[in-house]
Amino acid sequence: MKKIFLKIGLATLTTFSLLITSCSSEGVEITEEVSINELPNDVLTKIHDLKLNPKNFTVKDMGNLDGTTTQLVVISGDMAMKKSRFLKIGTDKGGISKQYQTEFLIDTDIHEEVNLIAYTGETIFTDGVPTAIGLSEIAQRELINAVNTWNSVHSKLKLKVDFTSEASFDLDFFETAILVSPTLDGLSGMAGFPDENGNPGDFLIISPDANQVSEEFSLIVRHLFTHELGHAIGFRHTDWNSRQSCVDSGSELETTVEDPAPEIIFGTLPSIPGVITQESVMNACHTIEQATGILNSFDEIALKNLYPIIY
């Protein structure tokens, strides 16, 4: 009998990938690694300049609601960054220094509220190929639940989600666009990190399979959205230095380290390779049984310390 599990990949140099795979007594099914020869030369050059491991990187095309496509540089599965932004990363910082933050955070003086817009309209085609799909009713509901999960923590940062069936909307107001991308496989998702100007990650995408889950598995989608929203507001993976949760769940064969190394959030405990003490919604991997979309105590402490309320 096969055991189904969730594999949550890395976030975008802000993102999360939730894959459903299967393992059996014959071994673990591992997604095929992309050869570094498939990376564009400019991306590969930048990776070498940053002294990072090319094996952790892929490049994907993301369909936009206007019918265009955007190239993303993806790190370890679910963290992504627009290629144009990735190529601008400076090399003079000496690296980007139990919860870890992204290089940049949201400026709450600019964004008193993070406005999310989720697409619910008809499938958009580009040259006859589907490139963007609207969220299902279950996905819409679980996105709201994920937003409420983060908003329930006593923090200065608040999220607000609206829905639209229109393929165009005011991106000067809606900072993060959420849609379904046919470029993603399995039960997976991906999000962008906050940028150098203090803006939240500007996109969050989930796979068609995640969008079509039945009511029985709706918590999987809630967990996926909760995790990806964590990346969009400034969280890296809790077990970034080992991805031990992926080994424990059977989705990966050995521990690995995610590039680049993040900065630990004040008030939380460092991740110890080989040891997972508490389930964090920001762990790299979860079994289906662990996919609840619930924050643990250190997830909550981390959010309060990243975005404190000043009295």
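In what follows, the structure referred to is the one given above.
A brief report on the enclosed structure follows.

Cut-offs applied
Residues numbered from 1 in each chain as written. Predicted model: local features only at pLDDT ≥ 70, side-chain atom pairs only at ≥ 80, totals over all residues. Heavy atoms only, no water. Salt bridge = Lys/Arg side-chain N within 4 Å of Asp/Glu carboxyl O. Buried < 20%, exposed > 50% of the residue type's maximum accessible area, 1.4 Å probe, protein only. Core = buried A, V, L, I, M, F, W, Y, C linked by side-chain atoms within 4.5 Å. Helix = DSSP H or I, 4+ residues; strand = E, 2+ residues; numbered from the N terminus. Disulfide = S-S within 2.5 Å.

1. Remarks on the pattern of salt bridges
Next, step 1: Here the structure, examined in full by the defined rule, presents 11 salt bridges.
Next, step 2: Close ionic contact of Glu142 with Arg141 constitutes a salt bridge, the shortest N to O distance being 2.7 Å.
Next, step 3: Judged by its relative accessible area of 1%, Glu142 falls in the buried class.
Next, step 4: Between Lys160 and Asp162 there is a salt bridge, with its nearest N and O atoms 2.9 Å apart.
Next, step 5: Residue Asp162 is classed as partly exposed on the basis of its relative accessible area, which comes to 25%.
Next, step 6: Among the ionic contacts, a cluster of salt bridges with common partners joins Arg141, Glu142, Glu215 and Arg222.

2. Regarding the nonpolar core
Next, step 1: If you look at the biggest cluster of nonpolar residues, it comprises 40 residues, and the most contacted ones within it are Leu135, Leu143, Trp150, Phe225, Leu229 and Phe235.
Next, step 2: Taken together, the elements giving at least two residues each to this core come down to strand S8 (114–119), helix H3 (137–151), strand S11 (159–164), strand S12 (176–180), strand S14 (203–206), helix H5 (218–233) and helix H7 (297–306).
Next, step 3: Of all hydrophobic cores here, the second largest spans 14 residues; its members include Leu39, Ile47, Phe57 and Val73.

3. Comments concerning the state of the cysteines
Two cysteines, two sulfur atoms, one covalent bond between them: this is a disulfide.
Next, step 1: Enumeration over the complete set of coordinates arrives at 1 disulfide.
Next, step 2: The side chain of Cys246 participates in a disulfide bridge whose partner is Cys285; the two sulfur atoms lie 2.0 Å from each other. Around the S-S axis, the bridge from Cys246 to Cys285 shows a dihedral of about 85° and counts as right-handed. A residue pair is termed long-range when its members are at least 10 positions apart, and Cys246 in helix H6 (residues 244–249) and Cys285 in strand S16 (residues 285–287) qualify at 39 residues. Across this residue pair, the class does not change: Cys246 and Cys285 are buried.

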